[in-house]
Amino acid sequence: MMQRRQFLGAAALGGLVATLPLSVSAADTAGLPNLAANAIPIAAAERQARIARAAALLRANDIDALLIEPGSSLVYFTGVEWWRSERLTAAVLTREGEVAIVTPFFEEPSVRESLAVEAEVLTWNEDDNPLAAVGIWLGKRGLAKRRIGIEETVRYFAVDGLQKAMPNATPVNGAPVVRGCRMHKSPAEIALMQVANDITIAAYRHTAPRIEAGMIPAQIGAIMAAATNALGGKSEFELVLLGEASAYPHGSGKPQAVKSGEVVLMDCGATVHGYQSDISRSFVHGKASPRQRQVWDQMRRGQDVAFAAAKLGTPAGKVDDAVRAYYEGLGWGPGYKLPGTSHRTGHGIGLDGHEPVNLVRGETTKLAPGMCFSNEPGIYIPGAFGIRLEDCFYMTETGAKWFSEPPSSIDKPFG
């Protein structure tokens, strides 16, 4: 669902996994198959094509170069897997398709280990402005007095350093370039996301029969994480909300335990070669009440309404509008009010669990092939319970297609 969930997932797991009894610690995952064994990582040729696409978008938007810090966009274009610290490592892409990596002198050998494209490596020493090397490199290409695109997540100190190194340059928003590339997934990206989704569903099917009365969220999360890793994915998050906590999208800090007749809401995801899944399931431990069944069925129908509205050329916000109109007809809301759906219908997904653009009111970006979204219009009743089902889909040349099929009933939440 949202970028968050370690709130009750990993934080709770850290101190509890080691003390869980063997029957709860998912020691029975040895027989699970590696579903990612044949997954194919992104090839160097595809990354070069991405750089060519970025160069074309730079020219189309009258931008001369693009600055990118470590994170998913750096991985996307260059393959470099690095972290952000006070010591700047960054990439610069030009409108002619040239690439430079700037990094501390002593980090160059390590940075080169994951560099997957042709690039010049510019180094700086501890007493240097790291952007000075970038300024010189761009100046040699006649770009010292021009427009420099800044990737959306670049920190201010890097922009400030760029302006000091290139006082005549104009920093501009690089989102049209980065979004223009990353929002439209290739067949290779779609394939990796499909494997990640398959792994998460398989992990759910392993975990669900092992949930017992009295278990706390961390215990359930430990089983799910172990199954995810055994199946060949990299566990990213396991948010488990029990009883009343399911009414709050990101949970509650109050103690929780599985009880008969109460909702279990799980929101979990994995990565395969960096590409993510994000799937939520809600069910009842024991027998569901008529009210729980009603809300589950209505929420499940909300997914179908969103999916049907997701047509090529439709503004992304119209998908959210369609769901809210359906829910308001049932008495939920109106709009984002509770009880009802207090968050957007869905978010973009790919290398990041949350990427532009969102299925949210007012979003005008039109749906196009290769775009990937979550579909999760949960219904929440404060003080009682919530139901969230989340499945991701992607846009093809003929319309929307599911990564994971939504469940058919509250009694069969995993198919």
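Provided above is the structure to which this section pertains.
Here is a short report on the structure shown in this document. (Residues numbered from 1 in each chain as written. Predicted model: local features only at pLDDT ≥ 70, side-chain atom pairs only at ≥ 80, totals over all residues. Heavy atoms only, no water.)

The next thing to look at is the packing of helix α5 (residues 130-139) against helix α6 (residues 156-165). α6 packs onto α5 with a crossing angle of 50° between their chain directions and a minimal axis gap of 8 Å. Relative to α6, α5 is oriented oblique. Remark: the crossing between α5 and α6 carries right-handed chirality. Two secondary-structure elements touch here, α5 through Leu131, Ala132 and Val134 and α6 through Ala158, Gly161, Leu162 and Ala165. Of the residues assigned to the contact of α5 with α6, the class counts are 6 nonpolar, 1 polar and no charged. (Axes fitted to C-alpha atoms, helices over the stretch in contact; angles between N-to-C directions. Helix = DSSP H or I, 4+ residues; strand = E, 2+ residues; numbered from the N terminus. Parallel < 35°, antiparallel > 145°, perpendicular 65-115°, else oblique. Left-handed = near helix turned anticlockwise from the far one by under 90°. Contact = heavy atoms within 4.5 Å. Nonpolar A, V, L, I, M, F, W, Y, C, P; charged D, E, K, R; others polar.)

In this section: the pairing of strand β1 (residues 65-68). A two-sided burial pattern is seen for β1, the buried positions comprising Ala65 and Leu67 on one face and Leu66 and Ile68 on the other. With 3 bridges joining them, β1 and strand β5 (residues 147-150) adopt parallel strand pairing. Residue pairing in the sheet places Leu67 in a bridge with Ile150 of β5. Pairing analysis gives 4 bridges linking β1 to strand β2 (residues 90-94), with the strands arranged antiparallel. From the neighbouring strand, Leu66 faces β2, where its bridge partner is Leu93. (Buried < 20%, exposed > 50% of the residue type's maximum accessible area, 1.4 Å probe, protein only. Pairing = 2+ DSSP bridges.)

What follows deals with empty space enclosed by the protein. Using the criterion set out here, one finds 1 cavity of 30 Å³ or more in the structure. The calculated volume of the largest cavity comes to roughly 40 Å³. Residue lining of the largest cavity: Arg324, Tyr327, Glu328, Trp332, Gly333, Gly335, Gly340 and Thr341, and that is the complete set. Residue composition of the lining of the largest cavity, grouped by class: 2 nonpolar, 4 polar and 2 charged. (1 Å grid on protein atoms, 1.4 Å probe; cavity = no way out; pocket = protein on both sides within 12 Å on 5 of 7 lines; lining within 4 Å. Points joined across faces, edges and corners; volume = space filled by probe spheres on them.)

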